[in-house]
Amino acid sequence: MANGSWGLGVSVQLHLFYATQTPAALILRQAKGPLWRLIGWDRATDTLSPGQWMEHDILVDRCALSPDGLHFLYFAVDGQWERPAQGAYTVISLVPNFDALALYPQGDVYGGGGYFIDTAHYVVQSPTGTPDLVGKAPGLKRVNSMSGAAMTPRAARGFGKRRTVASATTPQDYTTEGGKLFAADGKLIADLTQMEAP
């Protein structure tokens, strides 16, 4: 069961995101509840950097890691529809934290999320005029996915897919089973099944 659905007796899932320009990766740890944790991962040394916890729903297929592995774009739903974030929103954070550097309210689950075009530009799948409520992402710029400057082969692959490209160690070289992360040779890299929530 690699990066798949909940199996019988499974209480934790690991979702893996890979930087395309560095050996950086991000583990999005999901426990039933929903309870999430971000964990930075240096694939060159298999060093893990545990980050923040969050108790909102995250739509994993609408998330992306920047090519340099420094920023995470995710779509979360907290159901607080009357608040400024409108109950469902897209966030850009600094890995391995959930704290928003940029936050785009969505107000429903029919859009939202996005992807990085490069280390400085990203696309959010919401109306172009949607404001950033936080404004703390210097050096990063939202672009319209239909803009000629934004349309690279990477961006043209479509929305809703994890953004990865082949490298010396490709994403297929890693597997997960519940909260365990394995290398291609079957060696256990980390067991993240038991982690104390704050």
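Just so we're clear, the structure is a prediction, and the values are computed from it rather than from any experiment. (Residues numbered from 1 in each chain as written. Predicted model: local features only at pLDDT ≥ 70, side-chain atom pairs only at ≥ 80, totals over all residues. Heavy atoms only, no water.)

Colleague: Where do I start with the sheet that holds strand E13 (residues 175-177) in this structure?
Modeller: By way of backbone hydrogen bonds, the strands of a sheet pair with one another, either parallel or antiparallel. Spatially, 3 strands are ordered E13-E14-E15 in an open sheet, and the strand pairing comes out antiparallel. Either end of the sheet is taken by a strand with one partner, and the two such strands are E13 and strand E15 (188-191). If you compare each strand with its neighbour and ignore which way they point, the axes differ by 20° on average. In the sheet, strand E14 (residues 180-182) pairs with E15 via 3 bridges, with the strands oriented antiparallel. (Pairing = 2+ DSSP bridges. Helix = DSSP H or I, 4+ residues; strand = E, 2+ residues; numbered from the N terminus. Axes fitted to C-alpha atoms, helices over the stretch in contact; angles between N-to-C directions.)

Colleague: Explain a nonpolar patch on the surface to me, please; I cannot follow it from the model alone.
Modeller: Residues Trp81, Val109 and Tyr110 make up a contiguous nonpolar surface patch of about 380 Å² in total accessible area. Structurally, Trp81 can be placed in the loop between strand E7 (71-77) and strand E8 (88-94). (Patch = residues over 30% accessible without salt bridge, like charges linked within 9 Å, V, L, I, M, F, W, Y side chains within 5 Å. Areas by Shrake-Rupley, 256 points an atom, 1.4 Å probe, with all protein chains shown as cover. Salt bridge = Lys/Arg side-chain N within 4 Å of Asp/Glu carboxyl O.)

Colleague: What am I meant to see in the side chain of Ser66 here?
Modeller: Tracing the backbone shows Ser66 in the loop between strand E6 (64-65) and E7. A relative accessible area of 0% places Ser66 in the buried class. Those residues in contact with Ser66, other than ones at most four positions away along the chain, are Ala19, His71 and Phe116. (Buried < 20%, exposed > 50% of the residue type's maximum accessible area, 1.4 Å probe, protein only. Contact = heavy atoms within 4.5 Å.)

Colleague: I'm lost on the packing of aromatic side chains in this one. Help?
Modeller: Each pair of aromatic rings is reported with the distance of its centres and the angle of its planes. Taken as a whole, this structure holds 8 aromatic pairs when the rule is applied. Their ring planes at 55° and their centres at 6.4 Å tell us that Tyr18 and Trp41 sit as a pair that is tilted. With Tyr18 in strand E1 (residues 12-18) and Trp41 in strand E3 (residues 35-42), the pair connects residues that are 23 residues apart, well separated along the chain. In this pair, the class of Tyr18 matches that of Trp41, namely buried. Aromatic ring contacts, followed pair by pair, group Phe17, Phe72, Tyr74 and Phe98 into a single cluster. Against the face of Tyr104 rests Arg142, its NZ or CZ located 4.9 Å from the ring centre. (Phe/Tyr/Trp six-rings, centres within 6.5 Å; stacked < 30°, edge-to-face > 60°. Lys NZ or Arg CZ within 6 Å of the ring centre and 35° of its normal.)

Colleague: Help me understand the pairing of E8 in this model?
Modeller: Burial within E8 is extensive, with 6 of its 7 residues counted as buried. Relative to E8, E7 runs antiparallel, the two sharing 7 bridges. By the bridge assignment, Ala76 is partnered in E8 with Tyr89. Pairing between E8 and strand E9 (residues 100-105): 5 bridges, direction antiparallel.

Colleague: I would appreciate a short explanation of the nonpolar core in the present structure.
Modeller: The nonpolar side chains of soluble globular proteins are, as a tendency, buried together. One finds Phe17, Leu26, Leu28, Ile58, Phe72, Tyr74 and Phe98 to be the most contacted residues of the largest nonpolar core, which totals 21 residues. Secondary structure elements with two or more residues in this core: strand E2 (24-31), E3, E7 and E8. Sequence-distant contacts of Phe72, defined by excluding residues within four places in its chain, comprise Phe17, Leu26, Leu28, Leu38, Cys63, Ala64, Leu65, Val91, Ile92, Ser93, Val95 and Phe116. Within the second largest apolar cluster, 15 residues are counted, among which are Ala64, Ile92, Leu101 and Tyr115. (Core = buried A, V, L, I, M, F, W, Y, C linked by side-chain atoms within 4.5 Å.)

Colleague: Got a minute to help me understand the sheet that holds strand E4 (residues 47-54) in this structure?
Modeller: Here we have 4 strands laid out as an open sheet, ordered E1-E2-E3-E4, and antiparallel in their pairing. Looking at strand neighbours, the two that pair on one side only are E1 and E4, the edges of this open sheet. Sheet twist, expressed as the mean angle between neighbouring strand axes with direction ignored, is 20°. When E3 meets E4, the two strands line up antiparallel, connected through 6 bridges. The residue of E4 that forms the bridge with Gly40 is Ser49.

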